[in-house]
Amino acid sequence: MIRLNDIVEKVNAYIDFKEEDVDLLQKAYVYSAKVHAGQKRVSGEPYLSHPLEVSAILTDLQLDIPSVVTGLLHDTVEDTLATLEEIEALFGEEICFLVDGTTKISRLPNVTDVEKQAESFRKLILATAKDIRVVLVKLADRLHNMRTLKHLAKERQIRISNETMEIYAPLAHRLGINWISTELEDLAFKFSDPKEYLRLSKLVSKKKKEWKNYVKEVKSLLQDKMKEIGVKSKITGRFKHIYGINKKMNVGNMDFQNIYDVLAFRIITKDVTECYQALGAVHQIWKPIPGRIKDYVALPKANGYKSLHTTVIGPFGEQMEIQIRTEEMHHFAEYGVAAHWNYKEGAKDGNDNVEVYSNLRQLIEFKDIKDPTEFIEAIKGELISNVIYVYTPNADLIELPIGATPVDFAYAIHSDVGNHCTRALVNRNMVALDCKLHTGDMVEVITAKDKAPNRDWLDFVITSKAKTSIRSWLRDEENTKALEVGESITKRKFVASKLNLKKLIEKNKLDASLKKLKFEGINDFYKAVGFGTISANELIKIIKPDELGDKTKKDERIKSIVDKISKPEFNNSVLVKGYDNILIRFGNCCTPVPGEPIIGFITRGRGITAHKSNCPKLFEVDPERRIEINWDEKFSGQLPTTIHVKCEDKPGILSDLTKLISNSDVNISKVEMNQTGAGHAVGTFNITVNSIEQLDQVINSLKMIDGVMLVERPSFG
């Protein structure tokens with residue numbers, strides 16, 4: 001077990017110790033030992049070993065005294081009888097804030113594990129927004145827990161490893177702390193897939209022995225070349241970490257023997273000019289592979305990483321990667337935001353926001369997502385580390401996950417740009433909004449004030465910001481619509497019951513009744529009525545108990561209407577829960593097809609109209625007339641729908657479109673092609689399909705035709 005003296009020595013190596021600093025560390029050690037007395041870890045070690053190890057990791061990051069002290073105290077409030085008030089009284093406001101920020105929310109009553117995880121992480125992100133050291137302590141805590149994970153039960157090992165792989169390792173990467181990120185990935189991989197980890201470990205160990213002389217020879221060649229051009233440098237060779245190799249094998253579907261950059265070399269120079277001189281010299285020795293030269297010095301990664309990368313054909317015909325950077329770049333590459341504590345004056349006061357906090361800006365924006373599952377998924381999505389780099393027309397660099405689309409790009413610029421984007425150009429060519437972007441693309445988004453997010457965008461956007469922004473906009477629209485519909489229905493019901501709704505509200509005579517129904521105010525009640533989760537009659541029943549009899553119950557009223565519209569010539573595509581022989585029609589506004597979620601609306605004398613479950617038209621009808629319906633699995637017929645195709649206005653394009661649709665066993669009932677100017681046209685195809693899968697296949701195939709820019713189903717309306 002590491003000792004306090006070891007920590008003091010490590011801190012003394014990078015900080016000029018003052019006597020009060022040593023006293024503060026000793027005081028924290030004594031306090032932590034006292035409150036953790038008698039506690040043991042699952043391994044059987046005294047619990048004090050954990051805070052000591054966490055503090056040691058923080059000294060590896062070369063953090064300041066308050067951070068190291070927080071390492072000693074970080075579990076006191078969470079796992080002992082210690083209180084924040086006591087911590088503040090003994091160690092001051094700054095350290096108390098850091099301890100509180102790293103303390104999980106564990107005492108929430110009646111909540112699920114996901115809710116607890118979400119709220120703890122939300123608290124961590126909010127505290128980190130005020131002081132970056134909070135998340136650095138948390139990463140050190142997670143790293144030591146992963147190093148000792150073997151002592152836990154298998155089920156907990158897998159759960160903690162998955163959380164580490166999905167959140168904490170990517171978070172360390174986002175903050176630029178390479179050595180913590182790679183160690184967390186390897187440890188998580190080791191416990192989540194121990195057999196594959198062991199297999200790859202043995203292969204890498206064997207490779208290291210085989211390539212010992214090779215590494216020595218390459219380093220010698222590089223050193224001689226650097227001397228020749230007068231560049232003083234430090235040269236090292238390294239093997240890619242185990243999880244990195246596994247990831248590359250999975251992505252490229254390759255065997256270990258075919259991974260070309262298991263081994264990489266690093267040249268560390270004095271300044272940036274020498275970096276470029278070294279790059280030229282490397283290319284004099286070995287031929288570079290086209291497309292594998294990356295200049296992260298001129299265009300740094302979003303986490304601040306700077307380096308020159310090149311992949312060359314090595315001495316024996318193999319591919320090898322060489323990284324070239326200055327000493328300062330190397331320090332930042334290993335320590336990320338933590339490096340600001342020893343490279344930037346004034347960083348210790350936590351005010352170096354522009355560079356340090358920019359990488360966490362989007363995570364902080366997610367703090368208002370109320371749904372815990374959506375919040376955690378948003379965080380995971382934002383921390384995806386496989387990225388592409390695209391450019392705005394002004395040459396600003398935008399980092400996006402692999403597979404991102406122009407809509408993801410638009411939301412990365414600003415939520416308003418995303419909400420109003422209507423078209424996109426990639427490398428000055430018009431493209432579909434769901435096309436995949438690639439590194440080096442120049443992307444331009446065209447907006448329109450009357451354009452709004454389309455629910456179908458959720459099928460192809462992949463960034464968390466795009467998803468949450470679209471969902472937020474749709475929720476706001478639905479809430480507004482539900483409030484309007486609910487208010488209209490409630491007013492109508494109150495008039496029918498000879499009640500003056502306006503006066504009742506003005507005189508606060510509805511407050512008690514609304515509380516009985518568990519609503520905070522009349523607007524919340526309107527929304528519930530609009531969404532169909534409650535009837536306006538429920539409020540009237542409380543105000544005038546004798547006003548409505550049993551026959552007003554929703555089920556009985558529905559039955560009386562359904563009985564009148566029952567017909568033998570029912571449409572057998574849809575099943576109405578609880579009834580047979582019902583006449584079914586389909587909403588022209590949304591044209592649902594088999595396989596899509598649907599809901600029914602009862603119309604007097606005309607049967608039941610089926611709508612897509614997210615069709616806005618449902619807000620225009622009385623929620624009490626909604627009824628549960630489902631597709632009949634035995635149905636094998638076809639139903640009509642419509643698709644719009646935006647394309648280049650060129651000879652033969654209509655023929656290509658209709659031929660592809662016909663070859664997909666889809667019937668075309670009507671085609672309309674209109675020129676829109678600027679060499680473009682829009683085709684409207686009325687077709688019949690047997691399932692949503694068949695429709696998706698047709699849409700995806702049409703997108704592959706040369707000259708097609710966008711294929712979509714029309715917006716509801």
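Because the structure is a prediction, the values reported are computed rather than measured. (Residues numbered from 1 in each chain as written. Predicted model: local features only at pLDDT ≥ 70, side-chain atom pairs only at ≥ 80, totals over all residues. Heavy atoms only, no water.)

Asker: Account for the sheet that holds strand β13 (residues 598–603), with residues named and values stated.
Answerer: Sheet architecture is open: four strands sit in the order β12-β14-β13-β15, paired in mixed fashion. Taken across any chain shown, the strands that pair with only one partner, and hence form the sheet edges, are β12 (584–586) and β15 (626–627). Both β13 and strand β14 (residues 607–612) contribute to a ladder of six bridges, which runs antiparallel. Bridging from a neighbouring strand, Ile598 pairs with Lys612 of β14. (Pairing = 2+ DSSP bridges. Helix = DSSP H or I, 4+ residues; strand = E, 2+ residues; numbered from the N terminus.)

Asker: Pulling in residues and values, what's your account of the pairing of strand β18 (residues 667–677)?
Answerer: On any regular strand, side chains alternate: one points to one face of the sheet, the next to the other face. As paired strands, β18 and strand β19 (residues 680–689) are joined by nine bridges and run antiparallel to one another. Bridging from a neighbouring strand, Ile668 pairs with Ile687 of β19.

Asker: Could you give me a rundown of the environment of Gly381, with the residues and numbers involved?
Answerer: Tracing the chain through its elements places Gly381 in helix α20 (residues 372–382). For Gly381, a relative accessible area of 15% gives the class buried. With 83 residues separating them along the chain, Gly381 and Ser464 place their C-alpha atoms 5.3 Å apart. (Buried < 20%, exposed > 50% of the residue type's maximum accessible area, 1.4 Å probe, protein only.)

Asker: Lay out the pattern of salt bridges in plain terms, naming residues and giving numbers.
Answerer: What the rule picks out here adds up to 19 salt bridges. Residues Arg142 and Glu163 are paired through a salt bridge, measuring 2.7 Å at the closest nitrogen-oxygen approach. In this pair, Arg142 sits in helix α9 (residues 133–147) while Glu163 sits in helix α10 (residues 154–174), placing the two residues 21 residues apart along the sequence. What makes Arg142 buried here is its relative accessible area of 12%. A relative accessible area of 19% places Glu163 in the buried class. (Salt bridge = Lys/Arg side-chain N within 4 Å of Asp/Glu carboxyl O.)

Asker: Before we move on, could you go through the layout of surface pockets and cite the residues and values that matter?
Answerer: Here the second largest pocket defines a volume of roughly 1200 Å³. If you trace the second largest pocket, you find 41 residues lining it, with Lys104, Arg142, Arg156, Arg159 and Ile160 closest to the centre. Within the residue set of the lining of the second largest pocket, elements represented by two or more residues are α5 (76–79), α7 (93–102), α8 (113–130), α9, α10 and α20. Each residue belonging to the lining of the second largest pocket can be placed in one class, and the counts come to 11 nonpolar, 13 polar and 17 charged. (1 Å grid on protein atoms, 1.4 Å probe; cavity = no way out; pocket = protein on both sides within 12 Å on 5 of 7 lines; lining within 4 Å. Points joined across faces, edges and corners; volume = space filled by probe spheres on them. Nonpolar A, V, L, I, M, F, W, Y, C, P; charged D, E, K, R; others polar.)

Asker: Quick one: what's the story with the packing of aromatic side chains, residue by residue and with numbers?
Answerer: Describing an aromatic ring pair means giving the distance of the ring centres and the angle of the ring planes. Throughout the structure, instances matching the rule amount to 10 aromatic pairs. Ring centres of Phe121 and Tyr168 lie 6.1 Å apart, and the angle between their planes is 80°; this geometry places the pair in the edge-to-face category. Highlighted residues: Phe121 in helix α8 and Tyr168 in helix α10, separated in sequence by 47 residues. Overall, the relative accessible area of 3% leaves Phe121 in the buried class. A relative accessible area of 6% places Tyr168 in the buried class. A cation over a ring is seen here: Lys27 above Phe91, with NZ or CZ 5.3 Å from the ring centre. Cation over ring: Lys301 sits above Tyr296, and NZ or CZ is 4.9 Å from the ring centre. (Phe/Tyr/Trp six-rings, centres within 6.5 Å; stacked < 30°, edge-to-face > 60°. Lys NZ or Arg CZ within 6 Å of the ring centre and 35° of its normal.)

These values are about where atoms sit, not about what they do.
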